[in-house]
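Letter by letter, the chains look like this.
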Amino acid sequence: MFGNFSLTYKNKSINGNDMRSRKMLSLLHYLVYHHGKNIPESEIIDALWNAGESGDPSNALKTLLFRLRVLVSSIGIKEIITHRQYYFSWTSKGPVELDTEQFEQLCKKQCSDPDERLSCLLDALSLYDGTFLSAFATDLWVAPIASFYHNMFLSAMREAVSLLQASGQYTEIVRLTTKAVSIDPYCEELYICLIRALVASGSYAAAKQQYDNALNMFYDQFGTTPSEEFLDLYSLVVKTENPIENDLSKIKNALILNNEENGACQCEYAFFRQYYSVLRYFISRQGTSAHLALITLSAQDGSVPPVKRLSSAMDSLADCIVLSLRHTDVFTRYSVSQYLLLLPLASYENSCMAVGRVLRAFSKKHPRSTLKISFTVQAADTCDFIPFQH
């Protein structure tokens, strides 16, 4: 019942593709999930039909029941659906095995041995091929059950990852979390576990790719701002190991980027924070100034624009920032609709002028845009300088 539904009896199966009627498939779902119980007719009607959807839901249910009996008999299941005195039941002389029940039993099994507990969790997670009846997630009776099992899945995943970390099995964590993010692409916690495991296993390129993909997905598809915990992963995924080199001139040349271009430098938020921290000490010691600027895109009423529209506008705004500012200026995406700029060695007036160039470039590029663009500028904080000690 996790993911795509299928019913198997003596090596013969039926699934959603065998049924043209969504209602009949919903009835099968409901009866199988509540197997062994006498279910009142009114309960099934409430679960399958919205108020006023059918003029005679009782007769519609009986028609569905007849058609369903014919279907399940095609794989050899006889006299398993009973109907007595306004009660329906899925009965069976033999055992009925549901992945949901096996999953719950494995998750709740008490084990004193960590290895045995890990084995139970891995078996449970292997059963979870998708959310409960994922194709019927909008059905009222399905939603709370799906939420129950998904929370159990996430809890089992956390515990399994913790046990695998303790024994250094990072490859297994990568396998588990890769499957998990395909099931729940909205869960930031799963991406964090996956990226950390890739880094721990030395797969920095794969970790960087996962980080970039997840970051773009959060911003451009989901319209959400990742947490600082996620953004701080950047400092892990960009680590590289250099060979020992005694010639400083070679190292100096290697530090120079190829094809350097004019314009501001866009960086990840984690690097921006580190650079800002260093710059605060620099301006404190040198007596110079630096300014932060925050540029925000919004709808005319101040709300966040629709994701698809905002995504293309933010990409365009980034291009305008690069082309309008100096090579020494840096900026980062701060939220789904904001960029944070750091303008070193610039007065307040010059900083406002610089941001004004960005706004004019954006307006020129999008003369008919109804988006509102605004900004604020503040001086970067200074701090007490810590003198160098031998």
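Residues numbered from 1 in each chain as written. Predicted model: local features only at pLDDT ≥ 70, side-chain atom pairs only at ≥ 80, totals over all residues. Heavy atoms only, no water.

So what exactly am I meant to see when it comes to the sheet that holds strand S6 (residues 265–266) here?
Where strands meet in a sheet, backbone hydrogen bonds hold them as pairs that are either parallel or antiparallel. Pairing is mixed in the open sheet, where 5 strands are placed in the order S6-S8-S9-S7-S10. Whereas interior strands pair on both sides, the edge strands pair on one side only; in this sheet they are S6 and strand S10 (372–379). Here S6 pairs with strand S8 (residues 330–335) via 2 bridges, running parallel. Within S8, the position partnered with Gln-266 by the bridge is Phe-331. Those strands touched by helix H13 (residues 269–286) are strand S7 (290–298), S8 and strand S9 (338–344), and its axis lies near 30° from that of S9. Along the sheet face, helix H14 (residues 307–324) touches S6, S7, S8, S9 and S10 and points at about 10° away from the line of S9. (Pairing = 2+ DSSP bridges. Helix = DSSP H or I, 4+ residues; strand = E, 2+ residues; numbered from the N terminus. Contact = heavy atoms within 4.5 Å. Axes fitted to C-alpha atoms, helices over the stretch in contact; angles between N-to-C directions.)

Would you explain the packing of aromatic side chains in this entry?
Summed over the entire model, instances satisfying the criterion amount to 21 aromatic pairs. Centroid distance Tyr-128 to Phe-153: 4.3 Å. Interplanar angle 10°. Geometry classified as stacked. Taken together, the residues span a long stretch of sequence, with Tyr-128 in the loop between helix H5 (114–127) and helix H6 (142–166) and Phe-153 in helix H6 at a distance of 25 residues. Each member of the pair Tyr-128 and Phe-153 is classed as buried. (Phe/Tyr/Trp six-rings, centres within 6.5 Å; stacked < 30°, edge-to-face > 60°. Buried < 20%, exposed > 50% of the residue type's maximum accessible area, 1.4 Å probe, protein only.)

Any chance you could explain the side chain of His-34 here in plain terms?
With respect to the secondary-structure elements, His-34 resides in the loop between helix H1 (22–33) and strand S3 (39–40). Ignoring any residue separated from it by four or fewer positions in sequence, one finds His-34 in contact with Ile-39 and Trp-141.

I keep staring at a nonpolar patch on the surface and nothing clicks. Help me out?
On the surface, Leu-248, Ile-251 and Leu-255 cluster together into a nonpolar patch covering about 330 Å² of accessible area. Of note, Leu-248 is situated in helix H12 (residues 248–255). (Patch = residues over 30% accessible without salt bridge, like charges linked within 9 Å, V, L, I, M, F, W, Y side chains within 5 Å. Areas by Shrake-Rupley, 256 points an atom, 1.4 Å probe, with all protein chains shown as cover. Salt bridge = Lys/Arg side-chain N within 4 Å of Asp/Glu carboxyl O.)

How do you make sense of the state of the cysteines when you look at a structure like this?
When the sulfur atoms of two cysteines share a covalent bond, that bond is a disulfide. Going through the model one piece at a time under the given rule, you end up with 0 disulfides. Between Cys-120, a cysteine without a disulfide, and Cys-111, which holds the nearest cysteine sulfur, the sulfur-to-sulfur distance is 3.9 Å. The exposure class of Cys-120 is buried, given its relative accessible area of 6%. The thiol of Cys-187 is not disulfide-bonded; the next cysteine sulfur, from Cys-193, is found 8.1 Å away. (Disulfide = S-S within 2.5 Å.)

Looking at this model, I keep getting lost on the pattern of salt bridges. Mind explaining?
Pairing is possible between side chains of opposite charge, provided their charged atoms come close. If you walk through the whole model with that rule in mind, you get 13 salt bridges. Between Glu-104 and Lys-108 there is a salt bridge, with its nearest N and O atoms 2.7 Å apart. Residue Glu-104 and its partner Lys-108 are located together in helix H4 (residues 99–108), separated by 4 residues, close to a single helical turn. The salt bridge partner of Glu-228 is Arg-273, with a shortest N-O separation of 3.3 Å. Placement of Glu-228 in helix H10 (residues 228–231) and of Arg-273 in helix H13 is noted, with a sequence separation of 45 residues between them.

Got a minute to help me understand the side chain of Thr-332 in this structure?
Within the secondary structure layout, Thr-332 lies in strand S8. In this structure, Thr-332 is in contact with Cys-267, Glu-268, Tyr-269, Phe-272, Gln-338, Tyr-339 and Leu-340, ignoring residues within four places of it in sequence.

Before we go on, may I ask you to explain the pairing of strand S2 (residues 12–15) in this structure?
The side chains of a regular strand alternate between the sheet's two faces. Note: strand S1 (residues 6–9) against S2, 4 bridges, orientation antiparallel. By the bridge assignment for S2, Leu-7 is matched with Ile-14. The turn linking S1 back onto S2 is made up of 2 residues, and Lys-10 within it adopts a positive phi angle of 50°.

Explanation requested: the environment of Tyr-211 in the structure shown.
Among the structural elements, Tyr-211 can be located in helix H9 (residues 204–221). In this structure Tyr-211 comes out as buried when scored by relative accessible area, which is 0%. For the pair Tyr-211 and Asn-17, spaced 194 residues apart in sequence, the C-alpha to C-alpha distance is 37 Å. In contact with Tyr-211, not counting residues within four places along its chain, are Ile-195, Phe-230, Leu-231, Leu-233, Tyr-234, Val-237 and Glu-268.

These figures capture arrangement, not role.
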